[in-house]
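Letter by letter, the chains look like this.
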Amino acid sequence: MTNSTAASATVDGSTGFLTLDDADRRNPLSLTTMRAATGILRDFDRDPAVRVVVIRAHGPAFSAGHDLSEMVERTVEDERTIFSACTDLMTTVHDIRQPVIAQVQGMALAAGCQLVATCDLAIAADTARFSTPGVRIGLFCSTPMVALSRAVGRKRAMQMLLTGDMIDAATAVDWGLINDSVPAADLEATVAALAARIGAFSGDTLAIGKRAFYDQIDRTEPDAYAEMSEVMATNAVTDDAQEGMSAFLAKRDPVWRS
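Cut-offs applied
Residues numbered from 1 in each chain as written. Predicted model: local features only at pLDDT ≥ 70, side-chain atom pairs only at ≥ 80, totals over all residues. Heavy atoms only, no water. Core = buried A, V, L, I, M, F, W, Y, C linked by side-chain atoms within 4.5 Å. Buried < 20%, exposed > 50% of the residue type's maximum accessible area, 1.4 Å probe, protein only. Contact = heavy atoms within 4.5 Å. Phe/Tyr/Trp six-rings, centres within 6.5 Å; stacked < 30°, edge-to-face > 60°. Salt bridge = Lys/Arg side-chain N within 4 Å of Asp/Glu carboxyl O. Helix = DSSP H or I, 4+ residues; strand = E, 2+ residues; numbered from the N terminus.

Caption draft 1: Structural view of the nonpolar core. Counting residues in hydrophobic clusters, the biggest one holds 51 residues, and the most contacted among them are Val-104, Phe-130, Leu-177 and Ile-178. Other than its neighbours up to four places away in sequence, Ile-178 contacts Val-116, Ala-122, Ala-124, Phe-130, Ala-169, Ala-172 and Val-173. Formed by 13 residues, the second largest nonpolar core is a distinct cluster that contains Phe-17, Ala-125, Leu-187 and Val-191.

Given below as structure tokens:
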């Protein structure tokens, strides 16, 4: 298999950056890149100084998806290894304690679109484009479908999956694939400001809230309320919740312990 790793990590203040930097190849998610990215996310999860994670990319494309050169003339076991690594990456985005923001400066195709749909939040340049074009090459985007259908709903997901057509950033906002689109020149500053706002909150509280969101989202309403009532009760007695409520009552700024 190709051994192309193009994922790097940096930390700036309370924000950890996972950067895809194989710009010349449109940042494909090769097997080694996916494994490296998963490792970076897990390292961020263990770093108490990191409260928010941003996934970004260099070059004109966010990610063109899987590295197809790894998928031609391979065994089914080889293919399973690739898609298992992809699943590990996507589930790790949800499993880590920090909110994860996709900073999308260009095209996000197939597994690249899947990564955007998987992130907790996504901000894109108004020139960004999104598609799941696997049907056009005989490889239906079945794993991207998991995240995509949960983000945009059944009919819109099927439209993207069955046609492979590209949608623009404005449509992606309207459909719920991304949160907002901004002029390309403003993208970095917009994401930095959002990360800073979120990073100013209690790290423990953010972790509790993110975990609770994914725990409840697919439950029935009665089960979700039962589970979330317990989550709020146990959250309420944490040091940061007690500090936050006391600060509010005293009309002062809270001092977080985490």
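Caption draft 2: Seen up close, the packing of aromatic side chains. Scanning the entire structure with this criterion turns up 1 aromatic pair. Both rings, one in Phe-213 and one in Tyr-214, keep their centres 5.1 Å apart while their planes meet at 90 degrees; by these two values the pair is edge-to-face. Owing to a relative accessible area of 42%, Phe-213 belongs among the partly exposed residues under this scheme. What makes Tyr-214 partly exposed here is its relative accessible area of 25%.

Caption draft 3: Here's a closer look at the pattern of salt bridges. Applying the stated criterion across every chain yields a total of 9 salt bridges. Residue Asp-43 pairs with Arg-46 through a salt bridge whose shortest N-O separation is 2.5 Å. In this pair, Asp-43 and Arg-46 are both assigned in helix H1 (residues 31-46), 3 residues apart and thus about one turn of the helix distant. Accessibility expressed as a relative area gives 46% for Asp-43, which makes it partly exposed. A relative accessible area of 60% means that Arg-46 is categorised as exposed. The salt bridge partner of Glu-243 is Arg-252, with a shortest N-O separation of 2.7 Å. One salt-bridge network, in which partners are shared between bridges, spans Asp-22, Arg-25 and Asp-67.

Caption draft 4: A look at unusual backbone geometry. Positive phi, normally seen in glycine, also occurs at Ala-110, with a value near 50 degrees. On the basis of relative accessibility, which here comes to 14%, the residue Ala-110 falls in the buried class. For Lys-251, which is not glycine, the phi dihedral falls at a positive 60 degrees. Among the structural elements, Lys-251 can be located in the segment after helix H10 (239-250).

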